[in-house]
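Residue-level structural notes
Each chain is listed here by its residues.
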Amino acid sequence: MPEEVVRSLSVNGLPYAYRVLRQADALTEPVLVLGGALQGMLGWPQLEDRLGPMATIVTADLPGMGTAAPLPPGPSAELLCTAVTQIIEDLDVPRVNLFGFSYGAALAFGCAQRNPRRIARLILGGVPTYISDEQRAHWRRATGRLAAGDTEGFATLVAEALMCVDPDRHVTRRDLAFRYVRRSMLHAVAHSPHAADSLERSLGDRPDFSGGLSGVPTLVFTGEHDTVTSAERQRAFAATIQSSRFTTIRDADHWVVLERADEVADLAARFFTDQPLETANYLRSVPRQARSVSEAVLGVVS
């Protein structure tokens, strides 16, 4: 069994914590997981089970998440990247593998841009590179329900915003995933003091996905039916990262980490230990180096 340790840190006076499942016989650098806006250090059992035998796993309640202190008003990217860097330094390792999903993908990308020498490999999943005006209006309706005390209506609208509800697209365990996401939203607003603020930030504090990245082996993936940001737009984003690879997972949407948890964990295990990805039969598209920026942009639906 891996040794479990929770360590406390602070950034700009804000306390936060991270959790380590230490693997003595690791085959690769520690894997630091950064999740969505309401996902904290205990939200990744599937990755822990699959990656635990081969790597030390690190999860975190960063400021604004879980048990950590709330974020101050204003942009938070720089502060959160500093918090992540402090975790790496506190681990006392030269580099980590970084796994960022959804909101956490933006943070992971920004951290890799700022400090590429500390990142051995980078996985970005369900990258929210583009949010339409219609989606923003939907989110505002959801936060309006929450402000009015209608938590049930809020949870339903959030689940609908994050999942593909088109019956003509097959999504594995769609109904189960929908109920889980909705229940998770209800739990978050009942127990997390950060829930409303996190959702407001997802609308107003939009991450910057420009500027590219080089020198860090990178894999971008998503569910083939992701309706938060389409696979085509995520492929175009991947093309801004030097020598990156892009792929989609079959029969899944934005919540691919829930609907196909074993497959996501297997994909991460393969990439972080330099194993072939092409033989994974759950991938819709063969992982390959992203097209050039100009080619990718031409393929994006406006």
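For clarity, every value in this text was computed on a predicted model and none was experimentally measured.

Concerning the overall build of the protein chain
- Scanning the protein chain from N- to C-terminus turns up 11 helices and 9 strands.
- Radius of gyration (C-alpha) of the protein chain: 18 Å, near the 19 Å computed for a compact globule of 302 residues.
- Seen through its principal axes, the protein chain has C-alpha atoms that stretch 50 × 45 × 35 Å.
- Residues counted as buried form 57% of the 302 residues belonging to the protein chain.
- Within the protein chain, residue pairs in contact and separated by at least 24 positions form 73% of the contacts whose partners lie at least 6 positions apart.
- Accessible surface, the protein chain: about 13,400 Å² in total, of which carbon and sulfur atoms supply 51%.
- Across the protein chain, 30 positive and 35 negative side-chain charges occur, with their mean positions spaced 3 Å apart.

A short note on the pairing of strand 7 (residues 218–223)
- With 6 of 6 residues buried, strand 7 lies mostly within the body of the structure.
- By the alternation rule, side chains of strand 7 split into Thr 218, Val 220 and Thr 222 and Leu 219, Phe 221 and Gly 223, which are all buried.
- Across 4 bridges, the pairing between strand 6 (residues 119–125) and strand 7 is parallel. Paired with Leu 124 across the bridge in strand 7 is Val 220.

Quick look at the pairing of strand 2 (residues 14–22)
- In terms of residue burial, strand 2 counts as a mostly covered element, since 7 of its 9 residues are buried.
- Bridge count for strand 1 (residues 3–11) against strand 2 is 9 bridges, and the pairing is antiparallel. For Val 5, the partnering residue across the bridge sits in strand 2 and is Val 20.
- Relative to strand 4 (residues 57–61), strand 2 runs antiparallel, the two being bridged by 5 bridges. Bridge pairing in strand 4 links Arg 19 to Thr 59.

Concerning the packing of helix 5 (residues 151–162) against helix 6 (residues 174–191)
- In the contact formed by helix 5 and helix 6, the axes pass within 8 Å of each other and the chain directions differ by 135°. Accordingly, the angle class assigned to the pair helix 5 and helix 6 is oblique. In this structure, the crossing between helix 5 and helix 6 has a hand that is right-handed. Of the residues in helix 6, those touching helix 5 at Thr 151, Glu 152, Phe 154, Ala 155, Thr 156, Val 158, Ala 159, Glu 160 and Leu 162 are Phe 178, Val 181, Arg 182, Met 185, Leu 186 and Val 189.
- Counted by class, the contact of helix 5 with helix 6 contains 10 nonpolar, 2 polar and 3 charged residues.

Some words on the confidence of the model for the protein chain
- This prediction gives the protein chain a mean pLDDT of 89; 90% of its residues lie at or above 70.
- Contacts for the low-pLDDT stretch residues 293–302, under 50 throughout, to residues beyond four places or in other chains number 12 contacts.

Topic: unusual backbone geometry
- Positive phi is not limited to glycine here, since Asn 12 has a value of about 50°.
- Summarising the element assignment, Asn 12 is placed in the loop between strand 1 and strand 2.
- In this structure, Arg 173 is a non-glycine residue whose phi angle is positive, near 55°.
- With respect to the element layout, Arg 173 can be found in the loop between helix 5 and helix 6.
- Residue classification places Arg 173 among the partly exposed positions, given a relative accessible area of 44%.

Things to note about helix 2 (residues 77–91)
- A rise of 1.5 Å per residue sets the reference length of helix 2, with its 15 residues, at 21 Å; its end C-alpha atoms lie 21 Å apart and thus fit the reference within 8%.
- Taken as a whole, helix 2 has its buried residues at Leu 79, Leu 80, Cys 81, Ala 83, Val 84, Ile 87, Ile 88 and Leu 91.
- Immediately downstream of helix 2, the backbone of Asp 92 shows phi near 60°, a positive value.

Reading the values: the criteria
- Residues numbered from 1 in each chain as written.
- Predicted model: local features only at pLDDT ≥ 70, side-chain atom pairs only at ≥ 80, totals over all residues.
- Heavy atoms only, no water.
- Helix = DSSP H or I, 4+ residues; strand = E, 2+ residues; numbered from the N terminus.
- Rg over C-alpha atoms; globule rule 2.2 N^0.38 Å.
- Buried < 20%, exposed > 50% of the residue type's maximum accessible area, 1.4 Å probe, protein only.
- Contact = heavy atoms within 4.5 Å.
- Areas by Shrake-Rupley, 256 points an atom, 1.4 Å probe, with all protein chains shown as cover.
- Lys, Arg positive; Asp, Glu negative; His and termini not counted.
- Charge placed at Lys NZ, Arg CZ, Asp CG, Glu CD.
- Pairing = 2+ DSSP bridges.
- Axes fitted to C-alpha atoms, helices over the stretch in contact; angles between N-to-C directions.
- Parallel < 35°, antiparallel > 145°, perpendicular 65-115°, else oblique.
- Left-handed = near helix turned anticlockwise from the far one by under 90°.
- Nonpolar A, V, L, I, M, F, W, Y, C, P; charged D, E, K, R; others polar.
- pLDDT = per-residue confidence, 0-100.
- Expected span 1.5 Å × (residues − 1).

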